[in-house]
Amino acid sequence: MTARIALIGYGAIARELVEHLAPEREAGVVELAGAVVRHPERHPSPPGGFVPIGEAAARDLVVECAGVAAARQHGPALVAAGTALLVTSVGALADAEVARALLGGPGELVLTSGAIGGLDLIRAAAQAGGLDRATITTTKTASSLVQPWMGAAEAARIRGLAEPELLFDGTPAEAIERFPGNVNVAVALGIAARGLGDIADGLARVRVRIVADPRTDTSTHVIGAEGSSGAYRFEIGNRPSRANPRTSALTAQAVAADVRAWLARRGHGAAGP
Ligand SMILES: NC(=O)C1=CN([C@@H]2O[C@H](COP(=O)(O)OP(=O)(O)OC[C@H]3O[C@@H](n4cnc5c(N)ncnc54)[C@H](O)[C@@H]3O)[C@@H](O)[C@H]2O)C=CC1
Ligand SMILES: O=C([O-])CC(=O)C(=O)O
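Residues numbered from 1 in each chain as written. Chains lettered and ligands numbered in written order. Predicted model: local features only at pLDDT ≥ 70, side-chain atom pairs only at ≥ 80, totals over all residues. Heavy atoms only, no water.

- If you look the chain up in an unreviewed UniProt entry, it shows as L-aspartate dehydrogenase from Agrococcus carbonis.
- The UniProt entry for the chain carries the following comment under Pathway (unreviewed entry): "Cofactor biosynthesis; NAD(+) biosynthesis; iminoaspartate from L-aspartate (dehydrogenase route): step 1/1." (UniProt positions renumbered as here; feature names shortened; annotations may be inferred.)

Below, the structure is given as C-alpha cells:
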C-alpha cells in the first residue's frame, strides 16, 4: 500500500527529504502528495504540487519542515483532525498550550531527533530519575546566527566577528524564541530530559549556550548531562545543509529515517531497527 505524504515547507530540509526518499518513491511505497507553502511563486514545483493545508490534512502523514511558527500555526489542527504529523520544528513544543494540543491526539505525533543524537540515553536516564541537569552548546557560523530582530548594526557586528562569541546563555524556551531556526535541538533535549514529568520540567533542566564562530565550517552541538545515572557528553559536528547554512544536513537524513520507521510501524514497508 502506498503512503501519501504531504510536506509543510519546501525549503532546504523538504527538498533534501524528497531526494532521500527516492528509493521508497521508486518502489511505490511513498507518494509525495503536495507541499504547503505561503509563497508558491518563490519555490520550485514540489512533487504533487502546492496544496492548501486542508488538503494536506487528508494525507496519511504530514511532515512539517517550515519553522516553529508554522508548526504552531498548523500542527494543532492537523493532530485534532486525526492526521499523523512528523514535526521537525520541535521548538514549537516549548509553548505549553501547543505541546498539549500536539500530544493530545487523536493524530499521531512524531518528533525528530533532527540534528543531534543521544536522546535515547537522556530519555532513559531521566525516566529513571537519574538525570539532574543537561547543557547544550550550539556553535555555528556567525552569519547563520543573525536574526531578523537584531538591529542592522548588531547584525553587521556579528557577521564581522574575528573571534568566537557567546551570543546567548539561558533556557531552551528563551533560546527558541530568539533563534527559532537554530536551536530546535535544545527543546528536543529538554523533551527527552522530562523523564515522567511535564515538558516544562525537562526544559527547566537544560541550559543552552549559542556561540557564533567566524572560523568554523561545521555546526557543532556539544551535549552534557549528569545525575545519579552517570555523566555523559556527546559532541556532534554536522556539515551544514548546502541550501541553508543554519540547518545541519543531518536533519533531513534524520527525518527520512523517521519517515521509514513510521512506514514500517504502519505496515507500509520494511525499515531496519
Ligand atoms: N530539529 C532539528 O534538528 C532542526 C529543525 N529545524 C527546523 O526546520 C525548519 C526548516 O528548516 P529549513 O528547511 O532549513 O528552512 P528553509 O528556510 O530552507 O525552508 C523553510 C520552508 O518553510 C516555508 N514556510 C515558512 N513559514 C511557513 C508557513 N507558515 N507555512 C507554510 N510554509 C512556511 C518557507 O517558505 C520554506 O519553503 C527550521 O525553521 C527549524 O524550525 C531545522 C534544523 C534542525
Ligand atoms: O541544524 C542544526 O544544526 C540545528 C538547528 O538548526 C535547529 O535545531 O533548529
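Alright, that's what it looks like, and here's the rest.
### Regarding the overall build of the chain
Here is step 1 of the chain: Of the regular secondary structure elements, the chain holds 11 helices and 10 strands.
Here is step 2 of the chain: In terms of overall size, the chain behaves like a compact globule, its C-alpha atoms giving a radius of gyration of 18 Å where 273 residues would be expected to give roughly 19 Å.
Here is step 3 of the chain: Taken along the three principal axes of its C-alpha coordinates, the chain extends 50 × 45 × 35 Å.
Here is step 4 of the chain: When the 273 residues of the chain are sorted by exposure, 51% land in the buried category.
Here is step 5 of the chain: The contacts in the chain between residues at least 6 apart in sequence include a share of 69% that link residues at least 24 apart.
Here is step 6 of the chain: If you sum the accessible surface of the chain, you get close to 12,100 Å²; carbon and sulfur atoms cover 51% of it. (Helix = DSSP H or I, 4+ residues; strand = E, 2+ residues; numbered from the N terminus. Rg over C-alpha atoms; globule rule 2.2 N^0.38 Å. Buried < 20%, exposed > 50% of the residue type's maximum accessible area, 1.4 Å probe, protein only. Contact = heavy atoms within 4.5 Å. Areas by Shrake-Rupley, 256 points an atom, 1.4 Å probe, with all protein chains shown as cover.)

### Remarks on helix α9 (residues 184-192)
The periodicity of an α-helix, 3.6 residues per turn, causes residues three or four places apart in sequence to face the same way.
Here is step 1 of the chain: The buried fraction of α9 amounts to 9 of the 9 residues, a majority that puts the element mostly inside the structure.
Here is step 2 of the chain: Along α9, the residues classified as buried are Asn184, Val185, Ala186, Val187, Ala188, Leu189, Gly190, Ile191 and Ala192.

### Structural notes on the site of ligand 1
Here is step 1 of the chain: As a structural note, the neighbourhood of ligand 1 is formed by 27 residues, with His43, Ser89, Ala115, Asn244 and Thr247 the closest of them.
Here is step 2 of the chain: For ligand 1, an oxygen atom lies 2.9 Å from a polar atom in the backbone of Ala12.
Here is step 3 of the chain: In isolation ligand 1 has 860 Å² of accessible area, and contact with the protein removes 85% of it.
Here is step 4 of the chain: Because more than half of its atoms lie within 2 Å of the grid, ligand 1 is assigned to the largest pocket.
Here is step 5 of the chain: When contributions to the shell around ligand 1 are tallied by element, the ones reaching two or more residues are α1 (12-20), α4 (68-80) and α9. (Near = heavy atom within 4 Å. Polar contact = N/O pair within 3.5 Å; in protein donor to acceptor, adjacent residues only side chain to side chain. 1 Å grid on protein atoms, 1.4 Å probe; cavity = no way out; pocket = protein on both sides within 12 Å on 5 of 7 lines; lining within 4 Å. Sits in = over half its atoms within 2 Å of the grid points.)

### Considering the sheet that holds strand β9 (residues 219-227)
Here is step 1 of the chain: Spatial strand order, β7-β8-β6-β9-β10: 5 strands in an open sheet with mixed pairing. Two strands close off the open sheet at either side, each with one partner strand: β7 (165-170) and β10 (230-238). For this sheet, the mean inter-axis angle between neighbouring strands, taken without regard to orientation, is 10°.
Here is step 2 of the chain: Note: strand β6 (residues 133-141) against β9, 7 bridges, orientation antiparallel. Within β9, the residue paired with Thr138 across the bridge is His221. (Pairing = 2+ DSSP bridges. Axes fitted to C-alpha atoms, helices over the stretch in contact; angles between N-to-C directions.)

### Focus: the UniProt feature "domain: Aspartate dehydrogenase" (unreviewed entry) in the chain
Here is step 1 of the chain: Listed under "domain: Aspartate dehydrogenase" (unreviewed entry) in the UniProt record, and renumbered for this structure, are residues 162-255.
Here is step 2 of the chain: Taken end to end, residues 162-255 comprises 30% helix and 34% strand; its first and last C-alpha atoms sit 35 Å apart.

### Digging into the side chain of Ser219
Here is step 1 of the chain: Topologically, Ser219 is positioned in strand β9.
Here is step 2 of the chain: Contacts of Ser219, omitting those with residues within four sequence positions, involve Thr139, Lys140, Ile236, Gly237, Asn238, Pro240, Pro245 and Ser248.

### Concerning the site of ligand 2
Here is step 1 of the chain: In the vicinity of ligand 2, the residues found are Ala115, Lys140, Gly181, Asn182, Val183, Asn184, Val185, His221, Arg246, Thr247, Ser248 and Thr251.
Here is step 2 of the chain: The contact in question runs from an oxygen atom of ligand 2 to an N or O atom on the side chain of His221, over 2.8 Å.
Here is step 3 of the chain: When ligand 2 sits alone it has 260 Å² of accessible area, and the protein chains cover 94% of it.
Here is step 4 of the chain: Because more than half of its atoms lie within 2 Å of the grid, ligand 2 is assigned to the largest pocket.
Here is step 5 of the chain: Considering only residue class, the shell around ligand 2 consists of 3 nonpolar, 7 polar and 2 charged. (Nonpolar A, V, L, I, M, F, W, Y, C, P; charged D, E, K, R; others polar.)

### A look at the side chain of Thr247
Here is step 1 of the chain: For Thr247, the position within the fold is in the loop between β10 and α11 (250-265).
Here is step 2 of the chain: Residue Thr247 is classed as buried on the basis of its relative accessible area, which comes to 12%.
Here is step 3 of the chain: What Thr247 contacts, discounting residues up to four positions off in sequence, is Ile13, Pro240 and Ser241.

### Regarding the pattern of salt bridges
Here is step 1 of the chain: If you walk through the whole model with that rule in mind, you get 14 salt bridges.
Here is step 2 of the chain: Close ionic contact of Arg59 with Glu55 constitutes a salt bridge, the shortest N to O distance being 3.2 Å.
Here is step 3 of the chain: A relative accessible area of 11% means that Arg59 is categorised as buried.
Here is step 4 of the chain: The class of Glu55 is partly exposed, set by a relative accessible area of 37%.
Here is step 5 of the chain: When the shortest N-O distance is used, the salt bridge between Glu163 and Arg215 registers 3.4 Å. With Glu163 in the loop between α7 (152-159) and β7 and Arg215 in the loop between β8 (206-213) and β9, the pair connects residues that are 52 residues apart, well separated along the chain.
Here is step 6 of the chain: Take Glu163: its relative accessible area is 49%, and that puts it in the partly exposed class. (Salt bridge = Lys/Arg side-chain N within 4 Å of Asp/Glu carboxyl O.)

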